[in-house]
Amino acid sequence: MLRRILVTTHFEPEIPITKNSELDIALLRAAHQALLRQQQCVAEAWLFVISGNTTNEEAVDAIAAYGFPDVQILTASTTTSDGETVDYYSHREQIGYLISQWLKTNHPGAVPFLYKDEHDCHDIWWSGVEAIEDEWDFVDDYGATLPGAHRKTAGTWLEILALMLDLEVPCWASVNQLTLYAATLCEWLHGFEAASGNSCNGFEADAVCEALKIDDFYLGFLLGQSSTTEAFDEILYDAETDDLVGTRNYALKQLIANERATLRNLLSKYFGSDCALLWALHSAIWQKFNEPAADLCNTLVNPSAWEDMAEINDSWEFVTNGWTDSADE
């Protein structure tokens, strides 16, 4: 099961909040919608960052009164200890630091996700999803095979895969289908590392096979279905059939390549668009919380300078096409 993580920021609100004010009405509506989602078994965790000179105790009392199911409140002061006003950019950095530390401490498994819910009554500063529980016994081993930026989010990625594949009842076939797509996702995330220029493609088929305990019979069955007799014979020849591990790894690479396009389409649909998917992958590596995520995403996908456009081109091509030559590097 997945939990929605929602962060909202209020700049110098009037505390205590005036009854029937714009903020009061917005909070009442947002809390009401949050309670309705809770009744529909949609789990959420809220963070309110209150910017201004309000004490943390005052801010907590003001926001908690609205009855959000799961909420925490942090304050970012607009003045220094000497009474001087904090400049705009420093204050934004302060807010970003508070959010990053809160996520690191309370929701380390969260994956960025841009929510566009017409029923929400607040502008969301940052949002994401996280697995409530690690339901798969290979989560830790699988996480060790992912790029560094995604290792703590392995459980969340597995839950996203299970949701996209509609795997409600675990059985031999569904678990093996999940592990195949988990392997495909692992390669895909490593491919994005290379395409984005953050690192090289460090995907290792043998490590993934070992971590996910993919069934050899399942691999062989799928490979036999997807390959012609001639191609299958060539695969066995190229993979050196006296080496079972090498054959298994070779088969996994072939099957992963077959599933890249399907995985890409599923992820784009789940995240809402290619732009939102690019943002999820990009911001997991280059984390920024000093501006609203929607604004940062817009800047990312609509670069104003030629240099910025060239820098993001391979990443965009990777996300929209499912793979690029640069992803192999």
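Since this is a predicted model, take the numbers as computed values, not measurements.

A. Region of the structure containing the overall build of the protein chain. Helix and strand counts for the protein chain stand at 13 helices and 5 strands. With respect to the principal axes defined by its C-alpha atoms, the protein chain has extents near 75 × 45 × 30 Å. Sequence separation of at least 24 residues holds for 72% of the intrachain contacts in the protein chain that already meet a minimum separation of 6. In the structure as shown, the protein chain presents an accessible area of about 16700 Å², 49% of it carried by carbon and sulfur atoms.

B. A look at the pattern of salt bridges. With the rule as written, the count across this model stands at 6 salt bridges. A salt bridge links R260 to E187, with the shortest nitrogen-to-oxygen separation between them at 2.7 Å. Of this pair, R260 sits in helix 10 (residues 244-271) while E187 is found in helix 6 (residues 172-196), placing the two residues 73 residues apart along the sequence. Here R260 falls in the buried class, since its relative accessible area comes to 17%. For R264, the salt bridge is made with D274, and the minimal N-O distance between the two is 2.8 Å. With R264 in helix 10 and D274 in helix 11 (residues 274-285), this residue pair connects regions lying 10 residues apart in the sequence.

C. Molecular detail of a negative patch on the surface. There is a patch of like negative charges on the surface, built from E133, D134, E135, D137, D140 and D141. As for its placement among the helices and strands, D137 is situated in the loop between strand 5 (126-131) and helix 4 (139-143).

D. Structural context of the sheet that holds strand 2 (residues 43-52). One open sheet holds the 5 strands; their spatial order is 3-2-1-5-4, and the pairing between them is mixed. In this open sheet, the two strands that pair with only one neighbour each are strand 3 (71-77) and strand 4 (111-112). As paired elements, strand 2 and strand 3 share 7 bridges and run parallel to each other. Within strand 3, the position partnered with V49 by the bridge is L74.

E. Examining the environment of A195 more closely. Along the polypeptide, A195 turns up in helix 6. Remark: the alpha-carbon pair of A195 and A182, spanning 13 residues in sequence, is separated by 20 Å. Not counting chain neighbours up to four residues away, the residues in contact with A195 comprise D314, S315, F318, T324, S326 and A327.

F. Summary view of the packing of aromatic side chains. Under the defined criterion, the tally for this structure stands at 18 aromatic pairs. Consider the rings of W46 and F48, whose centres lie 5.7 Å apart with planes at 15°: the pair is stacked. Residue W46 is classed as buried on the basis of its relative accessible area of 2%. Where W188 meets F318, the ring centres are 4.7 Å apart and the plane angle is 40°; that geometry is what we call tilted. Of the two residues, W188 is situated in helix 6 and F318 in helix 13 (residues 306-321); the sequence distance between them amounts to 130 residues. As far as the burial class goes, W188 and F318 line up, both buried. Within the aromatic cluster, the residues linked to one another by ring pairs are F113, Y115, W157, Y270 and F271. The ring of Y115 has R4 sitting right over it, with the charged end atom 4.2 Å from the ring centre. Against the face of W323 rests R260, its NZ or CZ located 3.8 Å from the ring centre.

G. Representation of a nonpolar patch on the surface. Together, W172, F217 and F221 line one region of the surface with nonpolar side chains, adding up to about 380 Å² of accessible area. Examined against the element boundaries, F221 turns out to sit in helix 8 (residues 216-226).

H. Representation of the packing of helix 11 against helix 12 (residues 293-301) in the model. At a closest axis distance of 10 Å, the pairing of helix 11 and helix 12 adopts a crossing angle of 105°. One finds that helix 11 runs roughly perpendicular with respect to helix 12. Facing C275, L278, W279 and H282 of helix 11, the residues of helix 12 in contact are A293, L296, C297, L300 and V301. Within the contact of helix 11 with helix 12, the residues separate by chemical class into 8 nonpolar, 1 polar and no charged.

I. The arrangement of the confidence of the model for the protein chain in detail. With 91% of its residues at a pLDDT of 70 or more, the protein chain has an overall mean of 89. Of all secondary-structure elements in the protein chain, the lowest mean pLDDT belongs to helix 9 (residues 229-238), at 59, while strand 4 reaches the highest, 98.

J. Geometry of the environment of S199. The topology assignment puts S199 in the loop between helix 6 and helix 7 (205-212). Residue class for S199 comes out partly exposed when judged on its relative accessible area of 39%. Contact partners of S199, with chain neighbours within four places excluded, come to E193 and A194.

K. Up close: the side chain of S283. If you trace the backbone, S283 turns up in helix 11. A polar contact of 2.6 Å, which involves the side chain of S283, links it to the backbone oxygen of W279.

L. Highlighting unusual backbone geometry. In the segment running from I15 into P16, the intervening peptide bond is cis, with an omega of 0°. Summarising the element assignment, P16 is placed in the loop between strand 1 (2-11) and helix 1 (22-39). Backbone geometry places E12, a non-glycine residue, at a positive phi of 45°. Tracing the backbone shows E12 in the loop between strand 1 and helix 1.

Basis of the calculations
Residues numbered from 1 in each chain as written. Predicted model: local features only at pLDDT ≥ 70, side-chain atom pairs only at ≥ 80, totals over all residues. Heavy atoms only, no water. Helix = DSSP H or I, 4+ residues; strand = E, 2+ residues; numbered from the N terminus. Contact = heavy atoms within 4.5 Å. Areas by Shrake-Rupley, 256 points an atom, 1.4 Å probe, with all protein chains shown as cover. Salt bridge = Lys/Arg side-chain N within 4 Å of Asp/Glu carboxyl O. Buried < 20%, exposed > 50% of the residue type's maximum accessible area, 1.4 Å probe, protein only. Patch = residues over 30% accessible without salt bridge, like charges linked within 9 Å, V, L, I, M, F, W, Y side chains within 5 Å. Lys, Arg positive; Asp, Glu negative; His and termini not counted. Charge placed at Lys NZ, Arg CZ, Asp CG, Glu CD. Pairing = 2+ DSSP bridges. Phe/Tyr/Trp six-rings, centres within 6.5 Å; stacked < 30°, edge-to-face > 60°. Lys NZ or Arg CZ within 6 Å of the ring centre and 35° of its normal. Axes fitted to C-alpha atoms, helices over the stretch in contact; angles between N-to-C directions. Parallel < 35°, antiparallel > 145°, perpendicular 65-115°, else oblique. Nonpolar A, V, L, I, M, F, W, Y, C, P; charged D, E, K, R; others polar. pLDDT = per-residue confidence, 0-100. Polar contact = N/O pair within 3.5 Å; in protein donor to acceptor, adjacent residues only side chain to side chain.

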